[in-house]
Amino acid sequence: MAEAADFQATSASPARRWLRRTGALLAGAPLLAGLLQLPAAAPAQAASSDTVSVALDSLTPNAPTDGDTLTVSGTVTNNGKQTVTGAHVGLRVGPPLTTRSAIDSVAQHSDDVESATGPEVGGKYAEKFASLAPGVAEHFSISVPVDKLDLGANGVYEFGVSLSGQTAAQPWSQVLGIQRTFLPWQPSEADTKTKTTFLWPLLSTVHMTARTGAGELQTPVFLNDDLAKELAPGGRLSQMVDLGKDLDVTWVIDPDLLASVDAMATGNYRLPGDNGTTTPGPKEHQVLAKQWLANLQDAVAGKEVVALPFADPDLASLAHNGTSVTGSLSHLKDATDVAATTVKTVLHVTPTTDFAWPVEGAVDPAIMKVATSAGADRVIARSDSLQETAGLTYTPSAARPVGGGITAVVADDRLSTAFEGDLAKADPSTLAVQEFLAQSLEVNEQTDKQRSIVVAPQRMPTASQAQAMAAALKALEGANWSQSQDLTSAAKDKPDPNATTQIPSTRSYPSSLRRQELPVSAFQQIARTQDKLDNFQVVLTDRSRVVTPFGRAINREMSTSWRGKNGHADSYRNGVEGWLDELAAQVKLIEKSETKLSGRSATIPVTVQNNLVQPVGHLVLRLTSSNPTRLKIGGKAYAEQPVEVSGGHSQSVKFATAANANGRVTVVAQLYTEDGQEYGDPVSFDVKVTEVTPTVMLVIGGGVLLLVLAGFRMYTQRKRAAARQAGEDGPDAAGEDTDGPGNPGAPSDRLPQEPEDSDAPAGADDPEQPSDPAPDTAPESADPSGTGERVDR
């Protein structure tokens, strides 16, 4: 400002200008001194622009002990626009962290250069870079003996990897990037070890539809071939089995996944094709499925296996939206009953079925009630739902008796959520492993009391998440502060008397989870489908061919895997109901056109068609007259007959009718099940009654009378002629047999008598029968009968 004033005030003397400049310099001296004495201010500016990012790709061993050499490797990347010079990567060890919340705080600000981490280890345990060009990533690897880290008492230490250097804009050495993590330090066996239970979930999305082939094997139809991708080497399910087989874990399995893979393993599955067709699943996928099942059988041998209800039903959705719909809870019971059988059949192990697992371990009274309604007496909850209220300074054991003989097994929320997020890259995976180990050690450090801790991770970990989980578990199994335990043992351990046992209220259920639940309309559609299935199965001779695939499909409609996929869930439910409607429609009545009834009585045939492969029965066909005064069926307004039809055939059922007056009458044919439920659509047709009138009867009677009179006249004329002939021959001819059997060859001179004209009509000896049998459509025909058909008498 002084200089600007000088340029504007040209009259100022040189001496004055010198004094002003000297004053400005003296006034700014303290500020300059402050900047030189506080180099930490520069890193703050660097942090805001993320000048350099540090990625920690590996840290081994994860939990070092005495005599180990710690090796840290990763990359540093210059994200700025200026070259970094005089750079080096160094290791920093901060003070021990004494609380779990302190670990949380470091994890939330792991790359903040403003936060102090501790001094560099220094010396030769650093890696130098002459320069880091903008946008260029450089790899580093540093190994340091653990005794050089100057670690003290047992505990969790903050551990950082930093890059220091300078730029042209900030030409002084400063920390330009850092990555913090944790170093668990327990070099010797702990006096008391935490008993840790880790659930290893083996679940997937829904793959099988309700559709099956018509053959003896009932080949199932899959939604798609995504399951094969998960089973292939490197796939998610393949990784889960390969990694889990070497870990001391409790396997938590959805039986529906086993049933789906088993169908693939036999080569017995089809995939959707074009225009409603299906194609066989690839043979190579059969090999994948067989190998995966074999690997899984080996992996679970000797381990605890917990079977969830079939298709992993969404307990929270059922509790909040399904209980108002009649019959919803019965599906949970069915899913539980079939679970153990499925696992035992496929894996040849007997699973535990008395555990229920709500989504993310979130519980409320309604969820607890539903979860235990099918026989489970242990519910896997989570500590962020069943929160401690007694002010405990340590994490209590998992088992909590909550009343009614029910045990809530409360998983630790920090440990259970440690492997969520995108862990595809090495850096976040390494950080997740170290944070998990740090939290585990901190739990053990809280008290001398031994406790049982349960870890319930996300239901369907990705392949990279599973790899991080396995790395953490291997490190934990080799650590000096933890020992493995199965889930049943954790549930039976003595509960902490000070731990909370109060189930949170329904209002406290997370709204984010509630928004993902299946709506009431979903359970209403499920109930409607079940009603249709109940009505359909009554007529079948082999109900298992329909009840089994549709029963399991209804279980899948309630699956937890539909959360966040409302459109796909709707489509699946519509597909199940639509396929059931299509099957039920294979047993139907054939349409009929108008029928003519030319007589007082006749029989009307109605054809029932069965296009199923199995025979149907337990059906009743009712034929009802809309005007019984004019037309009666079996002597009353309606008549019923039982129906049985072989697979792929049709059957005509005949009803006796009686007409009392002329005219058109609408007749309705309807199938019913034996319990009185309507089956299929009715068929209506008109019957045109043309009853014989008195005038016609008089005409016919007159014709018959004329025939009788004509016959009598012919008889009398012949008799008179014979008498005249006898008078002309005289007495000598008396008693002579002229035309009798005594002289058959004698010639006769009697002319043959021509019959006289008669009023009888031609063909009167063979009158038309107005109700002669005229068959309806052939029993095997599915085509509608022709217009104006005649019916059997």
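Everything here concerns the structure above.
Structural notes, computed from the coordinates.

Rules used throughout
- Residues numbered from 1 in each chain as written.
- Predicted model: local features only at pLDDT ≥ 70, side-chain atom pairs only at ≥ 80, totals over all residues.
- Heavy atoms only, no water.
- Helix = DSSP H or I, 4+ residues; strand = E, 2+ residues; numbered from the N terminus.
- Buried < 20%, exposed > 50% of the residue type's maximum accessible area, 1.4 Å probe, protein only.
- Contact = heavy atoms within 4.5 Å.
- Core = buried A, V, L, I, M, F, W, Y, C linked by side-chain atoms within 4.5 Å.
- Polar contact = N/O pair within 3.5 Å; in protein donor to acceptor, adjacent residues only side chain to side chain.
- Pairing = 2+ DSSP bridges.
- Axes fitted to C-alpha atoms, helices over the stretch in contact; angles between N-to-C directions.
- Phe/Tyr/Trp six-rings, centres within 6.5 Å; stacked < 30°, edge-to-face > 60°.
- Lys NZ or Arg CZ within 6 Å of the ring centre and 35° of its normal.
- Expected span 1.5 Å × (residues − 1).

**Some words on the overall build of the protein chain**
- Scanning the protein chain for helices and strands turns up 20 helices and 30 strands.
- Here the protein chain holds 793 residues, and the buried ones make up 47% of them.
- Put simply, of all contacts in the protein chain between residues at least 6 apart along the chain, 78% involve residues at least 24 apart.

**A closer look at the nonpolar core**
- By size, the foremost hydrophobic cluster in this structure holds 78 residues, and its most contacted members are Phe536, Phe550 and Leu621.
- Among the elements that line this core, the one with the most residues is helix H19 (residues 566-584), at 7 residues.
- In this structure Leu621 touches Leu589, Val606, Val608, Ala639, Glu640, Gln641, Val643, Val653, Phe655, Ala669, Gln670 and Leu671, once residues within four positions along its chain are discounted.

**Topic: the side chain of Thr250**
- Relative to the assigned elements, Thr250 resides in strand E11 (residues 250-253).
- Only 3.1 Å separates the side chain of Thr250 from the backbone nitrogen of Leu487, close enough to count as a polar contact.
- Apart from the residues lying within four places of it in its own chain, the contact partners of Thr250 are Thr197, Phe198, Leu199, Trp200, Glu304, Val306, Asp486 and Leu487.

**Some words on the side chain of Thr181**
- By secondary structure assignment, the location of Thr181 is in strand E7 (residues 174-185).
- On the basis of relative accessibility, which here comes to 1%, the residue Thr181 falls in the buried class.
- Leaving out residues up to four positions away in the same chain, Thr181 has contacts with Leu56, Leu59, Tyr157, Glu158, Phe159, Leu431 and Gln434.

**Things to note about the sheet that holds strand E4 (residues 126-132)**
- Overall, antiparallel pairing links the 4 strands, which are arranged E4-E3-E6-E7 in an open sheet. At either end of the open sheet lies a strand with only one pairing partner, and these are E4 and E7. Adjacent strand axes in the sheet meet at a mean angle of 25 degrees, parallel and antiparallel pairs treated alike.
- Pairing geometry for strand E3 (residues 84-97) and E4, over 6 bridges, is antiparallel. The partner of Val84 across the bridge, within E4, is Leu132.
- Packing against the sheet, helix H4 (residues 100-108) makes contact with E3, strand E6 (155-166) and E7, and its axis sits at approximately 145 degrees to E7.

**A few points about the sheet that holds strand E1 (residues 52-60)**
- Spatially, 3 strands are ordered E1-E2-E5 in an open sheet, and the strand pairing comes out antiparallel. Single-partner strands in this sheet number two, and they are E1 and strand E5 (137-145). Taken over all neighbouring pairs, the strand axes of this sheet differ in orientation by 20 degrees on average, direction set aside.
- In the sheet, E1 pairs with strand E2 (residues 69-78) via 8 bridges, with the strands oriented antiparallel. Residue pairing in the sheet places Val54 in a bridge with Val76 of E2.

**A short note on the environment of Ala169**
- One can find Ala169 in the loop between E6 and E7.
- Under the relative-accessibility criterion, Ala169 is labelled exposed at 53%.
- For the pair Ala169 and Thr83, spaced 86 residues apart in the sequence, the C-alpha separation amounts to 10.0 Å.

**A short note on the packing of aromatic side chains**
- Counted according to the given criterion, the structure contains 5 aromatic pairs.
- Note on Phe419 and Phe436: the rings are 5.2 Å apart at their centroids and 40 degrees apart in plane angle, and the pair reads as tilted. In this pair, Phe419 is assigned in the loop between helix H12 (413-416) and helix H13 (426-445) and Phe436 in helix H13, connecting sequence segments 17 residues apart. Phe436 shares its class with Phe419; the two are buried.
- Following the ring pairs from residue to residue traces out a cluster consisting of Phe198, Trp200, Phe419 and Phe436.
- Lying over the aromatic face of Phe685, Lys592 brings its terminal NZ or CZ to 5.3 Å of the ring centre.
- Of note, Arg622 hangs over the ring of Tyr638, and the distance from its end group to the ring centre comes to 4.8 Å.

**What to know about the pairing of strand E27 (residues 649-659)**
- The pairing of strand E23 (residues 601-610) with E27 spans 10 bridges and is classified as antiparallel. Counterpart to Val606 in the pairing with E27 is Val653.

**Quick notes on the environment of Lys81**
- Relative to the assigned elements, Lys81 resides in the loop between E2 and E3.
- Classification of Lys81 by relative accessible area gives exposed; the value is 84%.
- As for Lys81 and Thr167, which are separated by 86 residues in sequence, their C-alpha atoms are 9.7 Å apart.

**Section: the pairing of strand E29 (residues 678-689)**
- Two strands pair when backbone bridges link them, and strand E22 (residues 595-597) and E29 are joined in this way by 3 bridges, in the parallel orientation. Each residue of the ladder has a partner; that of Lys596, found in E29, is Lys688.
- Two elements, strand E28 (residues 663-673) and E29, share 9 bridges in a ladder whose sense is antiparallel. Within E29, the residue paired with Arg664 across the bridge is Lys688.
- Between E28 and the antiparallel strand that follows it, E29, lie 4 residues; Gly676 among them carries a positive phi value of about 90 degrees.

**Focus: helix H14 (residues 463-477)**
- With 15 residues, H14 should cover 21 Å at 1.5 Å per step; its first-to-last C-alpha distance of 21 Å lies within 8% of that length.
- Among the 15 residues of H14, 11 are classified as buried, and the element is accordingly described as predominantly covered.

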